[in-house]
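Topology and contacts: notes
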Amino acid sequence: MQDVENLYCEEGIDTQEFISLAREILSRGGIDRAIVVDGYRVIENCKLFQTLKKLGVRRIPVSRGIENTFVPLEVMGFFEDIQPSIYRVFRDTEELLYKNWPTPLVKLSRVSIDDRVVWAKLEGFNPWSMSIKDRVGWYMYRKVAEAYGRRNLGLLVESTSTNTGLAIAAIANMYLSKLRAYIPSTVSQTGELMLKVFGADVVRSTKQLTVELIDEVNEIARKEKAIHLNQFYNDANFEVHLRYTAKELELQIREAGIAPRAIIGGLGTSGHMSAIALYFKSRFRGIKIYGVVPREGTIIQGIRRIESGMKWIHYIDIDGVIEVSLEEAIQSIIHIARREGILIGLSSGAVYTGYRKLVENGELNEGDYILVFPDHGYKYTEHLQRYLNSINSNIKPMDSEI
Ligand code: PLP
């Protein structure tokens, strides 16, 4: 066995090749051909080596000639990426992010009824943006820092609906660089305020969607020699969820002793749900994956419709896409706050609505269901206020429990 970090190979690997090799490794639960080396240089099965490295294995079986023996993922240290600090002592606020994983997986016992049990993965427990996007901001930053050095990144520019911006601003501040965030017109005032509090310069556009700003931000990056991490196309976005989010969810499922029937989550860049779909469809036979998007004509901060352009979802199989309105998402936030005592964000509200719709359509039978809730609800107080004002009285409870 060789430490992955000591080995190198010159051949690159593209997204499609990575995804098909990752699918093969995850479905088999290991590898059945050796990585052939000459010293520290990989000379055979280079793409397999690159894929294992991206998946986060620590050690790789190497050989000086081809040998075919099966080596399980566990033996290669696949799960060693997830190392929570039991007593929650962290060396700095960067460690507070990745040594605090897994984010909680909690049974929503008051909205689970009969034999349909709902589990929520609470990404709002990430420390910087209080969202799943901390993972992405951190990993994209880490990848460029590996190339340029952590303290030397200068200006970063990004199109963001708040959360990725907050995450990049947080890590940039730690390493003395600076973010200029380009936000669409639909971002909440609180989101903009938070970006400013985190020290980002903010440019608000008249366009409604983050994807509509990508070309402009690319051009600005080119002119000003700034770094555009570009969450929409940067494979680090997809890879971080394969390497950490999905992997930790498998460990949590094992601890909970459940075999989930389906995982439901929102689609924005499609980074997290594409990775979760690839991972779980490879490792858990029969599991279903559903994506939630805004209904046509609706804007729900953080998620958007597939036809607006997403990268990874097109490489992956999912079982269905559910459309949700903003009002339904807000009703779900209030419902979850009142039944479960936690405040979730707009896209999380949409995910819960998506789950209810699947149940209503008779698509979900008894069993365990996992809902990925991407962020905390504090950024959406304006939406909540407007909604409560509009009904001008105490909110009526949602329909009776499903
Ligand atoms: N929900 C919120 C609140 C988000 O900020 C995002 C992404 O920005 C998403 C959902 C969608 O996540 P992804 O980009 O991984 O599809």
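Residues numbered from 1 in each chain as written. Predicted model: local features only at pLDDT ≥ 70, side-chain atom pairs only at ≥ 80, totals over all residues. Heavy atoms only, no water.

1. A short note on the packing of aromatic side chains
Let me state the cut-off plainly: Between 30 and 60 degrees the pair is tilted, below 30 it is stacked and above 60 it is edge-to-face, where a pair is any two Phe, Tyr or Trp rings, Trp via its six-membered ring, whose centres lie within 6.5 Å. When a residue's accessible area, from a 1.4 Å probe over protein chains only, is under 20% of the maximum for its type it is buried; when over 50% it is exposed; and in between it is partly exposed. A ring is considered to have a charge above it if a Lys NZ or an Arg CZ atom is located within 6 Å of its centre and within 35 degrees of its normal.
Scanning all chains against the criterion turns up 15 aromatic pairs. Here Phe280 and Phe284 contribute two aromatic rings whose centre-to-centre distance is 5.2 Å and whose plane-to-plane angle is 45°, an arrangement assigned as tilted. Judged by relative accessible area, Phe284 falls into the buried class, the value being 18%. Three or more aromatic residues joined by ring pairs form one cluster here, namely Phe78, Phe79, Tyr279, Phe280 and Phe284. Its guanidinium or amino end placed over the ring of Trp101, Arg135 lies 4.5 Å from that ring's centre, counting from NZ or CZ. For Arg254, the ring lying beneath its charged end belongs to Phe79, and the centroid distance is 4.7 Å.

2. Concerning the pattern of salt bridges
Side chains that differ in charge, positive against negative, can pair when their charged atoms come close. Rule in force here: One side-chain nitrogen of Lys or Arg within 4 Å of one carboxyl oxygen of Asp or Glu is enough to make a salt bridge. Working definition: helices are DSSP H or I runs of at least four residues, strands are E runs of at least two. Numbering for both runs from the N terminus.
Evaluated as defined, the whole model comprises 33 salt bridges. Where Glu11 meets Lys47, a salt bridge forms, and the shortest distance between an N and an O atom there is 3.6 Å. Of this pair, Glu11 sits in the loop between β1 (2-3) and α1 (15-28) while Lys47 sits in helix α2 (residues 46-55), and the two are 36 residues apart along the sequence. Taking relative accessible area as the criterion, Lys47 reaches 23% and is therefore assigned partly exposed. Between Lys281 and Asp319 there is a salt bridge; the shortest N-O distance is 2.8 Å. Linking Lys281 in helix α9 (residues 271-283) with Asp319 in the loop between β15 (288-294) and β16 (320-324), this pair joins segments that are 38 residues apart in sequence. Judged by relative accessible area, which is 30%, Lys281 ranks as partly exposed. The network of salt bridges with common partners includes Glu24, Arg28, Asp32 and Arg33.

3. A word on the sheet that holds strand β4 (residues 41-44)
Backbone hydrogen bonds hold the strands of a sheet together, and the pairing may be parallel or antiparallel. Applied cut-off: DSSP bridges decide pairing: two strands pair if at least two such bridges lie between them.
Strand order in the open sheet formed by three strands is β4-β3-β6, and the pairing between neighbours is mixed. Among the strands making up the open sheet, the edge pair consists of β4 and β6 (62-63).

4. What about the confidence of the model for the chain?
Basically, it comes down to this: As a per-residue quantity, pLDDT reports the predictor's confidence and falls between 0 and 100. Contacts: residue pairs with any heavy atoms within 4.5 Å of one another.
Scored by pLDDT, the chain has a mean of 94; 96% of the residues are at 70 or more. Note on residues 397-402: pLDDT under 50 across the span, and 18 contacts to partners over four residues away in sequence or across chains.

5. Describing the packing of helix α10 (residues 326-340) against helix α11 (residues 346-360)
Counted only if it meets this: Only the stretch in contact is used when fitting a helix axis, every axis being a line fitted to C-alpha atoms; angles between N-to-C directions are given from 0 to 180 degrees. To sort the angles, those under 35 degrees are grouped as roughly parallel, those over 145 as roughly antiparallel, those from 65 to 115 as roughly perpendicular, and the leftovers as oblique. The nonpolar class holds Ala, Val, Leu, Ile, Met, Phe, Trp, Tyr, Cys and Pro. Asp, Glu, Lys and Arg form the charged class, and all remaining residues, Gly among them, are polar.
Remark: α10 packs on α11, axes separated minimally by 7 Å, with the N-to-C direction vectors making an angle of 95°. For the element pair α10 / α11, the angle class is roughly perpendicular. Between α10, through Leu326, Glu328, Ala329, Ile330, Ser332, Ile333, His335 and Ile336, and α11, the contact on the second element is made entirely by Leu346, Gly349, Ala350, Tyr352, Thr353, Arg356 and Lys357. When grouped by side-chain class, the residues that make up the contact of α10 with α11 number eight nonpolar, four polar and three charged.

6. Thoughts on the domain arrangement of the chain
Think of interface size as the accessible area that goes away when the parts come together; that is how it is often given. Here is the rule we go by: The split into domains, and so the bounds of each, comes from an automatic or database assignment of domains. Buried area: the accessible surface (1.4 Å probe) lost by two parts on joining, summed over both.
Partitioning the chain into structural domains gives domain 1 (2-76), domain 2 (95-129 + 237-390) and domain 3 (133-235). Between the C-alpha centres of domain 2 and domain 3 there is a distance of 24 Å. The interface is formed by 35 residues belonging to domain 2 together with 32 residues belonging to domain 3. With both chains or domains summed, domain 2 and domain 3 bury close to 2,900 Å², and 56% of this area falls on carbon and sulfur atoms. A per-residue breakdown of the area domain 2 buries against domain 3 is headed by Trp128, Asn237 and Gln301, which together make up 23% of the total. Scanning the region where domain 2 abuts domain 3 turns up three salt bridges. For the salt bridge of Glu248 with Arg135, the shortest nitrogen-to-oxygen distance reads 2.7 Å.

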